[in-house]
Amino acid sequence: MPKIQKILVRGTNWLGDAVMTIPALLRLRASFPEAHITLLAPPRAAEVFTGFAQVDEIVTYRRKEDGARAFVNALRHLRRERFDVAILFQNAFEAALLAFLGGAKVRIGFDTQGRGALLTHKLQHGDEHRNRHQTNDYLDLVAEAECVVWGSELTAERRAIPSLIANATQRQAATKFIPSPNAAKLIALNVGATNSRAKCWPEDRFAALADQMASRLNARFVLIGAGSERDNAERVIAQMQHKQATTNLAGKTNIAELIGLLSHCDLLVTNDTGPAHVGAALGIPTLTIFGPTNEFETAPLGTRAELLRADGIECARCMHRECPIDHRCMTRISVEAVAERAFSMLEES
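Residues numbered from 1 in each chain as written. Predicted model: local features only at pLDDT ≥ 70, side-chain atom pairs only at ≥ 80, totals over all residues. Heavy atoms only, no water.

Along the backbone of the protein there are 15 helices and twelve strands. Computed over the C-alpha atoms, the radius of gyration of the protein is 21 Å, within 12% of the 20 Å expected from 2.2 N^0.38 for a compact globule of 349 residues. Seen through its C-alpha atoms, the protein measures out along the principal axes to roughly 65 × 45 × 40 Å. Counting only residues that meet the buried cut, the protein has 55% of its 349 residues in that class. Look at the contacts in the protein between residues 6 or more apart in sequence, and 64% of them connect residues 24 or more apart. (Helix = DSSP H or I, 4+ residues; strand = E, 2+ residues; numbered from the N terminus. Rg over C-alpha atoms; globule rule 2.2 N^0.38 Å. Buried < 20%, exposed > 50% of the residue type's maximum accessible area, 1.4 Å probe, protein only. Contact = heavy atoms within 4.5 Å.)

Right, here's the structure in full:
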């Protein structure tokens, strides 16, 4: 086919998913070094890639905020740019419709939500994808683009561990959030989960964990998360004895500031949610507590990322957002178990 000049990537909507697309974007750039790569993604997901050298242009897709007007504006952009290839990391029907109506010549995505007719090249989610990490799905899409353009995959090697580096601007922007005076350790806690209460380890246990670490390490804490999780953070602080050692930053940072802030931290203890992937990709010790979600498919990946879940829970990985019974996958994880792992990770770092 003719030389590929313009590639559109429809990015994911969620922060953690955006981080998991990093290996695929790195491979895409390596495979198409001369192409102009445009990333279309919602604001928070798009912020992950500010200054990301593998992407030439970021178009913010404000569908949630601006409704149909955002779709129309994006459609005009696609028609004006005349993309050669559209790679759809997002699996929604709307992503395929936008690429189809926008005139992208090659449209690559998974055949989900009845959108197969809108794709020129469609991949299937088969049984082989069960318990397979999601980073591989995004790499599959790039490999398919290689096959379409070059006739075969350019390499069999897959580097599936996301990597982020906080730049000087991000680190400087975060300094205003760092508690003073400086403590022996700065620890981030992410005690909520935007889209699932079932993902949340009990708040009283986060409070007890923080008190143990404050007593033993003279640690200070920043509680992070989205604005919708601010009340969760406030309830944790209310149950702490060392309230003076804790700052509630949930909803107070944008993504660039969050990246900078976490790069200053010695440890992140978190539910399974977006910032866990950011911390892991930054290479800081990141301990993620798992219950209803499947770590084989979505665990934060990094050289210093670890996870903890209760053993012997027959309904684990149920994927429910609200637990229909007694939340045993989380309540059977003790403060002592999390504290022991957290202290060990700090000693090793």
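Okay, the layout of surface pockets next. Counted as a void, the second largest pocket has a volume near 260 Å³. Lining the second largest pocket are 14 residues, with P23, L26, R27, E157 and R159 sitting closest to its centre. Considering each element in turn, the lining of the second largest pocket owes the most residues, five residues, to helix α2 (residues 22-31). Residues that form the lining of the second largest pocket fall into these classes: six nonpolar, three polar and five charged. (1 Å grid on protein atoms, 1.4 Å probe; cavity = no way out; pocket = protein on both sides within 12 Å on 5 of 7 lines; lining within 4 Å. Points joined across faces, edges and corners; volume = space filled by probe spheres on them. Nonpolar A, V, L, I, M, F, W, Y, C, P; charged D, E, K, R; others polar.)

So, on to the packing of helix α9 (residues 203-217) against helix α15 (residues 335-348). Two elements in contact, α9 and α15, have axes separated by 10 Å at closest approach and are oriented at 40°. When the axes of α9 and α15 are compared, the pair comes out oblique. Our pair here, α9 against α15, has a crossing hand that is right-handed. When α9 is examined against α15, the residues R205, A208, L209, Q212, M213, R216 and L217 are found in contact with a partner set consisting of V335, E336, V338, A339, A342, F343, L346 and E347. (Axes fitted to C-alpha atoms, helices over the stretch in contact; angles between N-to-C directions. Parallel < 35°, antiparallel > 145°, perpendicular 65-115°, else oblique. Left-handed = near helix turned anticlockwise from the far one by under 90°.)

The subject of this paragraph is the nonpolar core. Membership of the largest hydrophobic core comes to 55 residues, with the highest contact counts inside it found for I7, L28, F89 and L262. Ranked by residues supplied to this core, first place goes to helix α7 (residues 135-150) with six residues. (Core = buried A, V, L, I, M, F, W, Y, C linked by side-chain atoms within 4.5 Å.)

Turning our attention to the sheet that holds strand β4 (residues 85-88). Spatially, six strands are ordered β3-β2-β1-β4-β5-β6 in an open sheet, and the strand pairing comes out parallel. Two strands in the sheet have a free side with no partner beyond their single neighbour: β3 (57-60) and β6 (121-123). The sheet shows a mean angle of 15° between the axes of neighbouring strands, direction not considered. Where strand β5 (residues 106-110) meets β6, three bridges bridge the pair, whose relative direction is parallel. Across the sheet, G109 pairs through a bridge with K122, a residue of β6. (Pairing = 2+ DSSP bridges.)

Along the polypeptide, R44 turns up in helix α3 (residues 43-47). We classify R44 as partly exposed; its relative accessible area is 39%. Spatially, the C-alpha atoms of R44 and L15 are 6.6 Å apart, while their sequence positions differ by 29 residues. The residues touching R44, leaving out its near neighbours within four places in the chain, are L15 and I255.

Two numbers describe how α9 lies on helix α10 (residues 230-238): the axes approach to 8 Å, and their chain directions differ by 55°. Classified by the angle their axes make, α9 and α10 are oblique. In this structure, α9 crosses over α10, and the sense of that crossing is right-handed. Residues E203, F206 and A207 of α9 pack against N232, R235 and V236 of α10. Grouping the amino acids of the contact of α9 with α10 by side-chain chemistry returns three nonpolar, one polar and two charged.

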